[in-house]
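# Structural overview
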Amino acid sequence: RLSLESCRGCGGGLKQSAAAPWAGRLSALRLSGFHIETVDPSTGEIAISGSDLAAFERLEELSLARSGASDAVAAALASAPWAAHLRRLSLSGGAPQLLAALAGTPLPALRALALEGPNKAAAEALAGALWLGSLDALELCGGLAPEAEAALRARGAFVQLEAEGRLSVRLGYGGDGGDE
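Remember, it's a predicted structure, so these values are computed and weren't measured experimentally.

Before going further, it helps to examine the overall build of the protein. Helix and strand counts for the protein stand at seven helices and nine strands. In the protein, which comprises 180 residues, the proportion classed as buried is 48%. Residue pairs in contact within the protein that sit at least 24 positions apart in sequence constitute 76% of those at least 6 positions apart. Accessible surface computed for the protein: about 8000 Å², of which carbon and sulfur atoms make up 52%.

With that out of the way, let us pick up the nonpolar core. Counting 45 residues, the largest nonpolar core has Leu29, Leu126, Trp131 and Leu138 as its most contacted members. With five residues, helix 5 (residues 120-127) is the single largest residue contributor to this core. Those residues in contact with Leu29 that lie beyond four places of it in its chain are Leu2, Leu53, Phe56, Leu59, Glu61, Leu62 and Ser63.

As enumerated under the stated definition, the model contains six salt bridges in all. Close ionic contact of Arg153 with Glu149 constitutes a salt bridge, the shortest N to O distance being 2.9 Å. With a gap of four residues between them, Arg153 and Glu149 both fall in helix 6 (residues 146-153), about one helical turn apart. Given a relative accessible area of 28%, Glu149 falls into the partly exposed group. In this structure, Glu164 engages Arg166 in a salt bridge whose closest nitrogen and oxygen atoms are separated by 2.6 Å. What makes Glu164 partly exposed here is its relative accessible area of 46%. Given the relative accessible area of 15%, Arg166 is considered buried. If you follow the salt bridges from partner to partner, you end up with Glu60, Glu61 and Arg87 in one network.

Here the focus is the packing of helix 5 against helix 6. Look at helix 5 against helix 6: their axes get within 8 Å of each other, and the N-to-C directions meet at 10°. When the axis of helix 5 is compared with that of helix 6, the two are roughly parallel. For the pair helix 5 and helix 6, the contacting residues are Lys120, Ala123, Glu124, Leu126 and Ala127 in the first and Glu147, Ala148, Ala151 and Leu152 in the second. Taken together, the residues that form the contact of helix 5 with helix 6 break down as six nonpolar, no polar and three charged.

Time to look at helix 5. An α-helical turn contains 3.6 residues, so any two residues separated by three or four positions project in the same direction. Within helix 5, the full set of buried residues consists of Ala122, Ala123, Ala125, Leu126 and Ala127. Its side-chain oxygen placed 3.2 Å from the backbone nitrogen of Ala121, Asn119 serves as the N-cap of helix 5.

The next point concerns the environment of Ala123. By the secondary structure assignment, Ala123 is in helix 5. Setting aside residues up to four positions removed in sequence, Ala123 forms contacts with Pro118, Ala148, Ala151 and Leu152.

Rules used in this analysis
Residues numbered from 1 in each chain as written. Predicted model: local features only at pLDDT ≥ 70, side-chain atom pairs only at ≥ 80, totals over all residues. Heavy atoms only, no water. Helix = DSSP H or I, 4+ residues; strand = E, 2+ residues; numbered from the N terminus. Buried < 20%, exposed > 50% of the residue type's maximum accessible area, 1.4 Å probe, protein only. Contact = heavy atoms within 4.5 Å. Areas by Shrake-Rupley, 256 points an atom, 1.4 Å probe, with all protein chains shown as cover. Core = buried A, V, L, I, M, F, W, Y, C linked by side-chain atoms within 4.5 Å. Salt bridge = Lys/Arg side-chain N within 4 Å of Asp/Glu carboxyl O. Axes fitted to C-alpha atoms, helices over the stretch in contact; angles between N-to-C directions. Parallel < 35°, antiparallel > 145°, perpendicular 65-115°, else oblique. Nonpolar A, V, L, I, M, F, W, Y, C, P; charged D, E, K, R; others polar. Polar contact = N/O pair within 3.5 Å; in protein donor to acceptor, adjacent residues only side chain to side chain.

Quick look at the structure:
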């Protein structure tokens, strides 16, 4: 398990972790405040690339909190070698581009998803996800805007999750992938 919080100039440590001999054995990764192939406004640098994240071959848990990601990175993450055995995913900020990329990706092992306040675009992507009905737990932190809720309720899989008690909606955010 590796948990990293970004700071000015900390991107090198994340790149070193991705290149470490143990990176391929890591099962849980929590990144907070990293800009993935997007420019970090505080440093003007790219903290980590999509190919750096692909080095973590056995990831089963991934948390991206307050982390920027471009559309290209979203596609790279969706096709990463570990995507097929990802069991738990936690995203803050709704991450509509990442959800859109993952929605059409088979994620047979995904059982838990935590999202912070998904906007309408993220909710639409989630509603169309191939794997939505297979989740054991869907946690929507920060509540749902009415348009996001309407997009989700338009799909039977979301309604089924709610009916079966596999849905949790909380007003505060707690889906950062930390120990619970």
